[in-house]
Amino acid sequence: MAASEIDESTLTKGQLRKIRALRKSLGDEIADRAFLEWLASQPAARAEPDGNATMIVDTLWPMVQQGTLSLPRGGYLIRRGRGRIIVELAKP
């Protein structure tokens with residue numbers, strides 16, 4: 001198994017760290033075999049989206065399309081208040 005069999009562009013940051021650490025400690029050939037075996041044993045990613053996130057998108061998207069709501073970049077926290085929804089800028 002050559003290193004070219006693993007498409008590193010499709011791996012997550014954690015998976016890249018793992019393959020690089022394995023290659024550094026075990027060598028390329030053994031590390032690639034071990035990584036592919038480990039990757040096959042991992043559970044598949046969760047396919048269903050978060051229900052709360054879907055509900056928020058479904059609620060806010062029509063307002064964004066009408067122009068009555070604008071959400072600039074930077075991220076937001078959405079939380080419940082007393083009888084209202086509070087939208088705040090996310091703090092870095």
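Here, every reference points to the structure presented above.
Note that the structure is a prediction, hence the values are computed from the model and not measured. (Residues numbered from 1 in each chain as written. Predicted model: local features only at pLDDT ≥ 70, side-chain atom pairs only at ≥ 80, totals over all residues. Heavy atoms only, no water.)

Engineer: Explain a nonpolar patch on the surface to me, please; I cannot follow it from the model alone.
Structural biologist: A grouping of I56, L71, I78, I85 and V87 is seen on the molecular surface, where their side chains present a nonpolar patch of about 430 Å² in accessible area. Structurally, I56 is set in helix 3 (residues 51–66). By relative accessible area, I56 is classed as partly exposed at 33%. (Patch = residues over 30% accessible without salt bridge, like charges linked within 9 Å, V, L, I, M, F, W, Y side chains within 5 Å. Areas by Shrake-Rupley, 256 points an atom, 1.4 Å probe, with all protein chains shown as cover. Salt bridge = Lys/Arg side-chain N within 4 Å of Asp/Glu carboxyl O. Helix = DSSP H or I, 4+ residues; strand = E, 2+ residues; numbered from the N terminus. Buried < 20%, exposed > 50% of the residue type's maximum accessible area, 1.4 Å probe, protein only.)

Engineer: How should helix 1 (residues 13–26) be read in this particular structure?
Structural biologist: One turn of an α-helix holds 3.6 residues; hence residues three or four places apart share an orientation. With 14 residues, helix 1 extends 20 Å between its outermost C-alpha atoms, agreeing within 8% with the 20 Å of an ideal straight helix rising 1.5 Å per residue. Considering only its buried residues, helix 1 is in contact with helix 2 (28–41). Where helix 1 terminates, the next one or two residues include G27, which has phi positive at roughly 100 degrees. (Expected span 1.5 Å × (residues − 1). Contact = heavy atoms within 4.5 Å.)

Engineer: What should I look at first to understand the pairing of strand 1 (residues 76–80) in this one?
Structural biologist: Regular strands place their side chains on alternate faces of the sheet. In terms of strand pairing, strand 1 meets strand 2 (residues 85–89) through five bridges, oriented antiparallel. Within the sheet, the bridge partner assigned to L77 lies in strand 2 and is E88. Here strand 1 folds back onto strand 2, and the loop between the two strands holds four residues, one of which, G83, carries a positive phi near 75 degrees. (Pairing = 2+ DSSP bridges.)

Engineer: Got a minute to help me understand the pattern of salt bridges in this structure?
Structural biologist: Two side chains that carry opposite charge are able to pair once their charged atoms sit near each other. All chains considered together, the criterion is met by four salt bridges. The partner of E8 in a salt bridge is R23, and the shortest N-O contact between them spans 2.5 Å. Of this pair, E8 sits in the segment before helix 1 while R23 sits in helix 1, and the two are 15 residues apart along the sequence. Under the relative-accessibility criterion, E8 is labelled partly exposed at 27%. D32 serves as the salt-bridge partner of R23, at 2.9 Å between the closest nitrogen and oxygen. When its relative accessible area of 1% is taken as the criterion, D32 is described as buried. If you follow the salt bridges from partner to partner, you end up with E8, R23 and D32 in one network.

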